[in-house]
Amino acid sequence: MISEPIRLQVWGPYACFTRPEFHVERVSYPVITLSAARGILEAIFMKPIEKPESKKRTDKEGFRWHILRIGIVHEGCMMPILRNELGYPSHNYTGFDISDMQNVRTQRHSLILQGDKIGNGERRLEYLIEAVIETNGANMGKYAGAFVRRAGKGQCHHRPYFGCREFPCNFELAPEAEPSASINKSYGVMFRDFDFDPVWEHWTKNGNDRPTVWRDAGGRTISPVPEKPVMAVAERGWITVAKIVEENGEKEVTGI
């Protein structure tokens, strides 16, 4: 079952939606990714669908989010920063020895997003997230109502953020808000989301604990990234990534 679309307005001064191809040097996508948008919604309210065949959990019914569209209100611009971080090669299972900072510290460049300056001098990146809730059956009204109630009060399980936890963002329900109609351009290929199905299948099939590495029947490592990325093209400020189709009275979400 699919709920009615919910539209959420999110904003903050900085963001870093990291591109996976640059590895440790963080370079942001020019707009919010679908996985980051899903993370913001789940920070407010989530209840994962439980696997009934799992021996550890029994017949609890949850829901999952589907992102339909991303609206761009203030897109911002790129800004380089230099940060001191802990060097990953020095890491071991006992953690970092911070008494020897010269060996564990490293400097890395990041190319992050900086918000546009608005009237009061505040920097602002702002997006609209339009999404629906999908459940296996019952409790649709319960979950949608709980999200609307929590978002209306500003409640969340943890503070939502733009890509990295050091860039928190604000949120509010905005059913009538519209993006900037002057934005019509292509942002290129963009990361869609992680695919957790192989992990679930491996876990439930063998009845073992959740694995950290998984392979298919041929011994090949399964990529957690879906094969089909998103071609992010904004038309009048909207990037459409999925749509609702109805057949025989049943609604479902299909990707674009």
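Above this text is the structure in question.
The rules behind each value
The residue numbering used here restarts from 1 in each chain and proceeds along that chain's sequence as written. Local features in this predicted model are restricted to residues of pLDDT 70 or higher, and side-chain atom pairs are both shown and tallied only at a pLDDT of 80 or more, whereas totals for entire chains, interfaces and linings draw on every residue. Water and hydrogen atoms play no part in the side-chain values, which are based on all heavy atoms of the structure. The patch calculation keeps residues exceeding 30% relative accessible area without a salt bridge and links them within 9 Å when they carry like charges or within 5 Å when they are nonpolar (Val, Leu, Ile, Met, Phe, Trp, Tyr). For every accessible area listed, the method is Shrake-Rupley and the probe measures 1.4 Å; residues are considered covered only by the protein chains on display. In the sections that follow, a salt bridge refers to a side-chain nitrogen of Lys or Arg positioned within 4 Å of a carboxyl oxygen of Asp or Glu. Helix numbers and strand numbers start at the N terminus; a helix is a DSSP run of H or I with at least 4 residues, a strand a run of E with at least 2. Polar contact is the term for a pair of N or O atoms within 3.5 Å; when the atoms are in protein, one must be able to donate a hydrogen and the other to accept it, and sequence-neighboring residues count only if both atoms are side-chain atoms. Here, residues are in contact when the closest pair of their heavy atoms is within 4.5 Å. Pairing between two strands is assigned when DSSP locates at least 2 bridges connecting them. Only protein chains enter the area calculation, which uses a 1.4 Å probe; residues under 20% of their type maximum are buried, those over 50% are exposed, and those in between are partly exposed. When two rings of Phe, Tyr or Trp (its six-membered ring) have centres within 6.5 Å they constitute a pair, described as stacked for plane angles under 30 degrees, edge-to-face for angles over 60, and tilted for the intermediate range. Definition used: whenever NZ (Lys) or CZ (Arg) falls within 6 Å of the ring centre and also within 35 degrees of the ring normal, the charge is taken to sit over that ring.

Draft legend 1. Structural context of a nonpolar patch on the surface. Side chains of Val189, Met231 and Val233 sit close together on the surface and give an oily, nonpolar patch of about 250 Å² of accessible area. Position of valine 189 among the secondary structure elements: in strand 10 (residues 185-190).

Draft legend 2. Summary view of the side chain of threonine 33. In this fold, threonine 33 is placed in the loop between strand 3 (26-27) and helix 1 (34-44). A polar side-chain atom of threonine 33 sits 3.4 Å from a polar atom in the side chain of serine 35. Not counting the four nearest positions on each side in its chain, threonine 33 is found in contact with Phe17, Met190 and Phe191.

Draft legend 3. Just the pairing of strand 6 (residues 105-114), in detail. Of the strand pairs in this sheet, strand 2 (residues 14-15) and strand 6 are connected by 2 bridges, and their pairing is antiparallel. In the sheet register, tyrosine 14 faces strand 6, and the bridge partner there is glutamine 114. Relative to strand 6, strand 3 runs parallel, the two sharing 2 bridges. Residue pairing in the sheet places valine 27 in a bridge with leucine 111 of strand 6. Sheet topology note: the strand 5 (residues 77-86)/strand 6 ladder contains 10 bridges and is antiparallel. Paired with cysteine 77 across the bridge in strand 6 is glutamine 114.

Draft legend 4. Seen up close, the pattern of salt bridges. For the coordinates displayed, the defined rule picks out 12 salt bridges. We note a salt bridge from glutamate 130 to arginine 7, for which the minimum N-O separation is 2.7 Å. Taken together, the residues glutamate 130 in strand 8 (residues 123-135) and arginine 7 in strand 1 (residues 6-12) connect sequence positions 123 residues apart. Each of Arg7, Arg69, Glu130 and Glu178 takes part in a single network of salt bridges with overlapping partners.

Draft legend 5. Representation of the environment of isoleucine 67. Position of isoleucine 67 relative to the elements: it lies in strand 4 (residues 63-74). Isoleucine 67 gets classed as buried once you look at its relative accessible area, which sits at 10%.

Draft legend 6. Spatial organisation of the packing of aromatic side chains. Applying the stated rule across the entire model yields 8 aromatic pairs. Ring geometry for phenylalanine 17 against tyrosine 127: centres 6.3 Å apart, planes inclined by 70 degrees, an arrangement best described as edge-to-face. Taken as a pair, phenylalanine 17 in the loop between strand 2 and strand 3 and tyrosine 127 in strand 8 lie far apart in primary sequence, 110 residues in all. Summarising the burial analysis for this pair, phenylalanine 17 and tyrosine 127 share the class buried. Here the aromatic rings of tyrosine 127 and phenylalanine 162 are separated by 5.7 Å at their centres, their planes lie at 75 degrees, and the arrangement is edge-to-face. Pair noted here: tyrosine 127 is in strand 8 and phenylalanine 162 is in the loop between helix 3 (140-153) and strand 9 (170-173), with a separation of 35 residues, a long-range link. Taken as a pair, tyrosine 127 and phenylalanine 162 share a single burial class, namely buried. For the cation-ring pair, arginine 69 lies above tryptophan 238, with the distance from its terminal atom to the ring centre recorded as 3.8 Å.

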